[in-house]
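Close look at the chain arrangement
The chain contents come next:
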Amino acid sequence: MPDGEQRNLRHIYLAGHGHREPFTWPTGGGGSVAIPSRNRAQHAARLEQALTEAIAAADQQIAARNPEIAGGSPGFYLEFDIGSEQREILDRLEDKRGHDHIELVAVRPAEADPENKLSATVFVPEAKRELYLKKVEDYRTGDTPTGKPKNQSLVASLDEVRLAQARSLFTDDPGSFPDAGQQAWWEVWLRTDARPVLEHAANGLGMVLRDHIVRFPEREVVLALAKPNQIGSVVANTDVVAELRLARDTPAMFLEMDAREQREWNDELAERVQLPNDDAPSVCILDSGTTRPHPLIEPVLDAADQQSWNAVWPVEDTSGNWLGHGTGMSGLALYGDLVDPLAGNDPVVLGHVLESVKILPDQGANDPDLYGYITAEAMSRAEIQAPERARVFCLAVTAEGDHWAGRPSSWSAALDELAYGDGQDQRLATVSAGNISALYPASEYLHQNDASPIESPAQAWNVLTVGAVTEKCTITDPTFVGWAPLAPAGDLSPLSRTSITWQHEWPIKPDIVLEGGNYGVNPANDDSDHLDDLALLTTNNLLQNGYFNVISDTSAATALASRMAAQILADRQELWPETVRGLVVHSADWTPAMRGHLPVSPSQSHKRLLLRRYGYGVPDPDRTIRSRNNDVTLVIENSMQPFYLDGSTIKTRDMIFHDLPWPAETLEALGEEQVQLRVTLSYFIEPNPGERGWTKRHRYASHGLRFAVKRPEEDVATFRGRINAAAREEEEGGYTGGQEEGWVLGPRLRNRGSLHSDVWEGTATDLANRHGIAVYPTGGWWREKRSLERYDRETRYALLLTLRAQTTVDLYTEIANAVGVEVEIETA
């Protein structure tokens, strides 16, 4: 392709630091940021003094142990402060050699500086009391064969050290730590085989322990009623505690209240709600209707915004068929799980309003042939009522059928068309992946999920498909003593469906997973069942019966996803739907429980299993719109024309090269330090459904887009040549997209559907020379079907890039102020 013209981007944003306006990137240079250095001898001396004082205090504590309480291995807890960017070195605090292990038990934001520092607590057995002093001494006096100080990565990262207390093991919000003398229910997370020692200590201290135990591979969780000084005595006299949390209120507590008491809690929360602005975005619930008179719903659901797709239907959620599903979705879409705001005292700030369009009849069911039409009509009614409002559609209604291992249905294709909006009026929709229809024995967990394909219309390419994960594992209802949670914390919610059985060419679904609750397991027979404790609390539709109800599974997760997307829009309403979808996925990551299913050296098949079970993981709402100094997200919105007509032949037209504003000097100064670059490309396709074999000529998608990052050894010409070759090979069906060095997924896994996300990991020096990224088109029916005359259409895309370093170096300021983003469009 010949050299192309220069063209300005339409929108460029840098996420975070409170900026709400598009950046105008100046051209020109800027200096590098100096990386802070430490005086080696002074730093070692300061740590040696702190360690000596901490060990001396530990000796006094051990000598004062009460035999009526004490138990376990002799030793003590130490608490270290490190920079939050040094999270990678946490495992190096442990020492698993020999019989006596130093174990990392708890990590939390440091109370003194929670934004920039972490506090890590370890248990140190008496036999290894001098180990850290030895490491610091070696750091001060010895060098490695390469000339670096010994133990540099660990010792140089340590800021402070002290003898740990009960607060050191408390991983909830520090402000919620109970006051002196205040009795509270605690979650006591125990180290291995520690229950008998805790029972001995609790008996000596007069603490109350619940019989119920939640067991995990390395931890047991016991509920204890105690005062802070009693918990402190357990920490000082035993080695049993790994972590402390407050036993959170569960939905069961609120559902056990009568309607009058529920109303009191409801009204107290309603008084703390701060309503959104008049121009706020909305979540539009497409479901069984919504009970607008609910005091938590009425202030943010205007009567004109409560509709039915069928004008003769009532708009309220009163049918016994759907058990208040729409009202339950509404509560979560506004407030999230109601347990937390009800139990708290802080103001609840709403940034979005609610819309409701009823699509489910009070009696009977809709004709399956009309699903797509009904969805379109419902969306249209909301848009006609408030045409200028930004909104997120929320659909948690699905239909059975595997749809031939991922192929589009008429309903999913209609959703793709609605999202595409003829390329002019794009829409954002969150859609549930669907639930397994019946509970199953605990021994079949994950096997059932992997064999149950995602339901229609969640296979749609352009929507945000949502599966369910769970962190809920606390069972407090005495009726269920001895029951255990079915799913481990951080793993798939028990009824969430997957796309593992789909053919490889179809999109990665679900895109993300969010909290969907858990189920309990009866120890008598291994059967699972619903427990209110393990569900999410939300608004009830029949107020005469109470103000709260529970909801779970992928419906709950989808409501939470729509809330997250609306919060992004509330922060920046000008963002495109493609961008909002991309930001949610861009912030997602697999949990430790999910990663635990991977072997030490995972193959592409192992990674594919995780992708098609969990999507890209659990999104982090803080990362969707906020950058940190060493964790910077760049948001680029742009458009391109993929194809053009050259005589009688349709050819590729635009290939866009972005010269990225990485602070090269700063990255090179970081040398061999590991950094990450995450790239997400989000766009919408125009669908062309039909049962015609999905050949090259009869493709479903109008076009595809791909990204590629410049390699260090490539000059611009070589980079362009590689991209051109890759595009040609994919067009001809010969490009296999093999694994590229440094990328977690690689092209073969990520290049599915209309959203592609991947993480590159390598050295800072390597990344400094990877400062170019290309976005280029691949084929689709716009190219193959000349008679339909779509070859001259433009398509929009959102390109999201996050640069993440381990050090405290200020990358944000350099990227924001030093250099511009240069964009070149190469046009045939």
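No experiment lies behind these values; they were computed from the predicted model shown.

Considerations on the pairing of strand β5 (residues 117-125)
Every other side chain in a regular strand lies on the same face of the sheet, so the side chains alternate between the two faces. Of all 9 residues in β5, 8 are buried; the element is thus mostly enclosed. Here 9 bridges tie strand β3 (residues 75-83) to β5, and the two strands are oriented antiparallel to one another. Note on β5: the bridge partner recorded for leucine 78 is valine 122. Note: strand β4 (residues 103-109) against β5, 6 bridges, orientation antiparallel. Pairing of valine 107 across the sheet is with alanine 120, part of β5.

Section: the sheet that holds strand β9 (residues 220-226)
Across the sheet, 4 strands lie side by side as β8-β9-β7-β10; this open sheet has antiparallel pairing. Either end of the sheet is taken by a strand with one partner, and the two such strands are β8 (208-215) and β10 (241-246). Pairs of neighbouring strands in the sheet enclose a mean axial angle of 25°, with direction left out of account. Pairing geometry for strand β7 (residues 184-190) and β9, over 7 bridges, is antiparallel. Paired with alanine 184 across the strands is alanine 226, a residue of β9. Along the sheet, helix α4 (residues 195-205) makes contact with β7, β8 and β9, crossing β8 at roughly 165°.

Re the pairing of strand β28 (residues 631-640)
Buried residues dominate β28, accounting for 10 of its 10 residues. Of the two faces of β28, the one holding Asp631, Thr633, Val635, Glu637 and Ser639 and the one holding Val632, Leu634, Ile636, Asn638 and Met640 are both buried throughout. Strand direction decides the pairing type here: β28 and strand β36 (residues 795-805), joined by 10 bridges, are antiparallel. What sits directly across from threonine 633, in β36, is threonine 802.

With respect to the sheet that holds strand β23 (residues 528-529)
Strand pairing in a sheet takes place through backbone hydrogen bonds and is either antiparallel or parallel in direction. Strands sit in the order β19-β22-β23 across an open sheet of 3 strands; the sheet is antiparallel. Two strands close off the open sheet at either side, each with one partner strand: β19 (484-485) and β23. One ladder, built from 2 bridges, connects β19 with strand β22 (residues 520-521); its direction is antiparallel. Considered in β22, the bridge of proline 485 is made with glycine 520.

Some remarks on the packing of aromatic side chains
Inspection of every chain in the model, using the stated rule, returns 15 aromatic pairs. Aromatic pair phenylalanine 170 and phenylalanine 177: ring centres 5.1 Å apart, planes at 90°, arrangement edge-to-face. For phenylalanine 170, a relative accessible area of 2% puts it in the buried group. Using a relative accessible area of 11% as the deciding quantity, one classes phenylalanine 177 as buried. Ring centres of tryptophan 309 and tryptophan 313 lie 6.0 Å apart, and the angle between their planes is 85°; this geometry places the pair in the edge-to-face category. Overall, tryptophan 313 belongs to the buried group, its relative accessible area being 19%. Here a set of aromatic residues connected by ring pairs shows up, and it is made of Phe170, Phe177 and Trp186. A cation over an aromatic ring shows up here: arginine 720 above the ring of phenylalanine 657, its NZ or CZ 5.0 Å from the ring centre. Above the plane of the ring of tryptophan 743 lies arginine 750, whose end atom (NZ or CZ) is 5.0 Å from the centre.

Criteria and thresholds
- One numbering rule holds for all chains: residues counted from 1, following each sequence as written.
- Residues qualify for local features only when their pLDDT is at least 70, as the model is predicted, and side-chain atom pairs are given and counted only at 80 or more; totals for whole chains, interfaces and linings, by contrast, use all residues.
- Calculation of side-chain values draws on the structure's entire complement of heavy atoms; hydrogens and water are dropped beforehand.
- The buried label goes to any residue with under 20% of its type's maximum accessible area, the exposed label to any with over 50%, and the partly exposed label to all in between, with areas taken from a 1.4 Å probe on protein chains only.
- Only runs of H or I of at least four residues qualify as helices and only runs of E of at least two qualify as strands under DSSP, and these elements are numbered from the N terminus.
- Any two strands with at least two DSSP bridges between them are considered paired.
- For every element, the axis is a line fit to its C-alpha atoms; helices are fit only across the contacting stretch, and the angle between N-to-C directions ranges from 0 to 180 degrees.
- Two residues form a contact once any of their heavy atoms are found within 4.5 Å.
- Within 6.5 Å between ring centres, the rings of Phe, Tyr and Trp (the latter by its six-membered ring) count as paired, and their orientation is classed by plane angle as stacked under 30 degrees, edge-to-face over 60, tilted in between.
- By the criterion adopted, a ring carries a charge over it if an Arg CZ or a Lys NZ lies within 6 Å of its centre and within 35 degrees of its normal.

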